[in-house]
Amino acid sequence: MRAYEFILAKRMGETHSEAEIVDFIKGYVDGRISDAQAAAWCMAVYFNKLSRDEMAALTKAMIESGDRINLSAIEGIKVDKHSTGGVGDKTTLVLGPMIAAIGLPFAKMSGRGLGHTGGTLDKLESIPGLTVELDRPRFVKQVGKIGLAVVGQTGNLVPADKKLYALRDETATVENIGLIAASIMSKKIAAGADAIVLDVKCGRGAFMTTVPEARELAEAMVHIGNSFGRKTAAIISGMDQPLGRAIGNALEVKEAIATLTGGGPEDLRELCLVLGAKMAVLGGACRDAAEARLLLEKTLDNGTAFEKLRLLVQEQGGDVAAIDHPERLPGAARQEEVLAPSSGTVKAIDSLALGLSGMALGSGRERKEDSIDYAVGIVLNKKAGQKVNQGDSLATLHYNNDVRLAAARNRVLEAFQITREPNVSEPPLILGSVE
C-alpha cells in the first residue's frame, strides 16, 4: 500500500493490517516515508484511534526497527516496571532494591525527566560519580551479579519510537492512547524483561487526568504485553497530589533512602509495596499479594533493600558514602518557607503546579538539551487532608537562584487549596488494577 493510501485509509476510519503498519514504520525509519506523511498519519490516528490489534502491530513494527536486549544469561524471571510519569515519583529507587532483595532480577532501562515529570536517571545522577551509561554486557553482568541495574537506553533500541515520538511532540499528537501504549510497550518488550508491571498515573499531575482514560491506557498496555508473551499487569495510582513529600532530584533520593531504611512517607511506601507485590507474584517469587507484601515489608525493615541500593550505587561508580550519609548529596544554598495564608484543612494540592514550580527552580527541563540543578526542589510540609494554622509552613523551597525563586514562590502557594469545610480526606492512592 502506498503511503498516501495508508494515510487515507486511517483518515476514513479504516483498520490497517499488521503488514501495512510494519511496512509504513519501516519506510519511515529508512526514509521512504516523509515526516509530513508520518505526521498526517499520526493526526489521522489521533482522531480515529487504533484497534487493539493495530496497537500490537505498531508495537511489533517499532521493536523490529532496532535491536533487542537478550537477558537469557540471567537466571530467573526478569521483571521490569514502568511509570507513566508523575510529580515526586521516585518509586524505582525504592522498588528496584526491594525486588532485588527478594531474589528477583530487576533489569530496568529508564528515561530522563521532561516537562513537569521527573526522570529516574536524573535522580540517580544526583549521586556523586554514579553513571547510568552502561553498555549491554555490563548491564547484563550487573543484573546477574547483584540482581539490579537501572540505566539509560543503550544502542539502537526502538529507533522508530524515538523518531515518531519527536514528530508527535511537534504535531500535538502525543495524547493518543494507542500511540502512547505502543511507544511505552515497544521499549519495555525490547528491553528483554519477562514480566512487566505498569504504574499508570491518574490525576492533575499525570498525562491521564481521569480514571476512565487511565484504565483505557492500562488495558491497552496490558493487552500488548500479554500478546507478546510477557506477564503484564497494571496498577492505576493517584496523582492528584505529589507522591511523597520531596520534589527534586537529590531531595527525592534522600526520601527514597529514608523509605529503604524503614521510614519515609506512608504513600510512597504503600505504592512500592502494592507494585512490588504485583511484581513478586508475576515473577513467581510468591503465591499471592499477601505473602509478597510481608516479604517486601521485611526488606524495608531489616535493611536488605537498602543494601541493594548501596550495591547498585557501588557497581555504577557512585559514592556509597553519599547513600550512607544523605547530607552529602547535593544541597541547595538557600531555603524559604511557603506559609499558609489562613487556617483550615488542605483540601487539594495541584501536582501539576508543583511540578512546574520545581522546573522553575531548576530541577527539571523543558527541552532535552537543558541542564538541571540536582540540589533544588520542593519539600511538602502539609498534604491533602491535614489541618493547618495560619502561618504554618506548607512547603520548603530549596533554591540557588533568586530569580528562579521568584518564578516559583507564588505558584507553590497557589497550588495549596485550604478550606474550612469539615471531613476533608486525603485523595485515594490506588484507583484500580488491570491484569
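Residues numbered from 1 in each chain as written. Predicted model: local features only at pLDDT ≥ 70, side-chain atom pairs only at ≥ 80, totals over all residues. Heavy atoms only, no water.

1. A few points about the side chain of Lys 81
- Assignment of secondary structure puts Lys 81 in strand 1 (residues 79-83).
- Among buried charged residues, Lys 81 stands out as having no salt bridge; its nearest opposite-charge side chain is Asp 89, 4.7 Å away.
- Only 2.9 Å separates the side chain of Lys 81 from the side chain of Thr 92, close enough to count as a polar contact.
- Every residue in contact with Lys 81, bar those within four places of it in the chain, is listed here: Thr 91, Thr 92, Leu 95, Phe 106, Lys 108, Lys 188, Val 197 and Met 279. (Helix = DSSP H or I, 4+ residues; strand = E, 2+ residues; numbered from the N terminus. Buried < 20%, exposed > 50% of the residue type's maximum accessible area, 1.4 Å probe, protein only. Lys, Arg positive; Asp, Glu negative; His and termini not counted. Salt bridge = Lys/Arg side-chain N within 4 Å of Asp/Glu carboxyl O. Polar contact = N/O pair within 3.5 Å; in protein donor to acceptor, adjacent residues only side chain to side chain. Contact = heavy atoms within 4.5 Å.)

2. A few points about the side chain of Arg 230
- As for its placement among the helices and strands, Arg 230 is situated in the loop between helix 10 (211-227) and strand 5 (231-238).
- No salt bridge forms around the buried Arg 230; measuring N to O, its nearest opposite-charge neighbour Asp 194 is 5.6 Å away.
- Here Ile 189 takes part through its backbone oxygen, which lies 3.4 Å from a polar atom of the side chain of Arg 230.
- Of note is the side chain of Arg 230, whose polar atom sits 2.8 Å from the backbone oxygen of Ala 193.
- Setting aside residues no more than four positions away along its own chain, Arg 230 makes contact with Arg 68, Ile 189, Ala 193, Asp 194, Ile 196 and Gly 225.

3. Some thoughts on the packing of aromatic side chains
- Applying the stated criterion to the full structure yields 4 aromatic pairs.
- Considering the side-chain rings of Phe 24 and Trp 41, the 5.4 Å spacing of their centres and the 45° angle between planes classify their relative orientation as tilted. A residue pair is termed long-range when its members are at least 10 positions apart, and Phe 24 in helix 2 (residues 18-30) and Trp 41 in helix 3 (residues 35-48) qualify at 17 residues.
- Pairwise contacts between aromatic rings join Phe 6, Phe 24 and Trp 41 into one cluster. (Phe/Tyr/Trp six-rings, centres within 6.5 Å; stacked < 30°, edge-to-face > 60°.)

4. A closer look at the pairing of strand 4 (residues 195-202)
- Counting buried residues in strand 4 gives 8 out of 8 residues, a clear majority hidden from the surface.
- Here strand 4 shows two buried faces, one formed by Ala 195, Val 197, Asp 199 and Lys 201 and the other by Ile 196, Leu 198, Val 200 and Cys 202.
- In terms of strand pairing, strand 1 meets strand 4 through 5 bridges, oriented parallel. Residue pairing across strands places Lys 81 opposite Val 197, the latter belonging to strand 4.
- Bridge count between strand 4 and strand 5: 8 bridges; the pairing is parallel. Looking at strand 5, one finds that Ile 196 is bridged to Thr 232. (Pairing = 2+ DSSP bridges.)

5. Quick notes on the sheet that holds strand 12 (residues 416-419)
- Spatial strand order, 10-8-12: 3 strands in an open sheet with antiparallel pairing. Strand pairing shows two members of the sheet lacking a second neighbour, strand 10 (387-388) and strand 12, which therefore form its edges.
- Pairing between strand 8 (residues 344-349) and strand 10: 2 bridges, direction antiparallel. Residue pairing in the sheet places Gly 344 in a bridge with Val 388 of strand 10.
- On the sheet, helix 17 (residues 402-415) packs against strand 8 and strand 12 and is oriented at approximately 40° with respect to strand 12. (Axes fitted to C-alpha atoms, helices over the stretch in contact; angles between N-to-C directions.)

6. Describing a nonpolar patch on the surface
- Together, Met 43, Tyr 46 and Phe 47 make up a nonpolar patch on the protein surface, roughly 300 Å² of accessible area in all.
- Structurally, Met 43 is set in helix 3. (Patch = residues over 30% accessible without salt bridge, like charges linked within 9 Å, V, L, I, M, F, W, Y side chains within 5 Å. Areas by Shrake-Rupley, 256 points an atom, 1.4 Å probe, with all protein chains shown as cover.)

7. Topic: helix 1 (residues 3-11)
- When we look at burial in helix 1, the residues that qualify are Ala 3, Phe 6, Ile 7, Ala 9 and Lys 10. On an axial view of helix 1, the arc spanned by its buried residues comes to 160°, and they lie on one face. Set apart from the buried face of helix 1 by more than 90 degrees, the exposed residues are Tyr 4 and Arg 11.
- Downstream of helix 1 by a residue or two, Gly 13 has a phi angle that is positive, lying close to 85°. (Arc of directions from axis to C-beta.)

8. Description of the pattern of salt bridges
- Applying the stated criterion across every chain yields a total of 29 salt bridges.
- We note a salt bridge from Lys 78 to Asp 194, for which the minimum N-O separation is 3.7 Å. Of the two residues, Lys 78 is situated in the loop between helix 4 (52-63) and strand 1 and Asp 194 in the loop between helix 9 (177-190) and strand 4; the sequence distance between them amounts to 116 residues.
- We classify Lys 78 as buried; its relative accessible area is 6%.
- Between Asp 161 and Lys 187 there is a salt bridge; the shortest N-O distance is 3.3 Å. Here the residue Asp 161 occupies a position in helix 8 (residues 159-170), and Lys 187 occupies one in helix 9, the gap between them amounting to 26 residues.
- On the basis of relative accessible area, Asp 161 is assigned to the buried category, the value being 4%.
- Residue Lys 187 is classed as partly exposed on the basis of its relative accessible area of 27%.

9. Points about the nonpolar core
- Counting 79 residues, the largest nonpolar core has Met 98, Ile 99 and Ile 378 as the members making the most contacts within it.
- Broken down by element, the residue count for this core peaks at 10 residues, all from helix 12 (residues 266-282).
- Ala 3, Phe 24, Cys 202 and Ala 220 belong to the second largest nonpolar core, which has 61 residues in total. (Core = buried A, V, L, I, M, F, W, Y, C linked by side-chain atoms within 4.5 Å.)

Keep in mind these numbers describe shape, not what the thing actually does.
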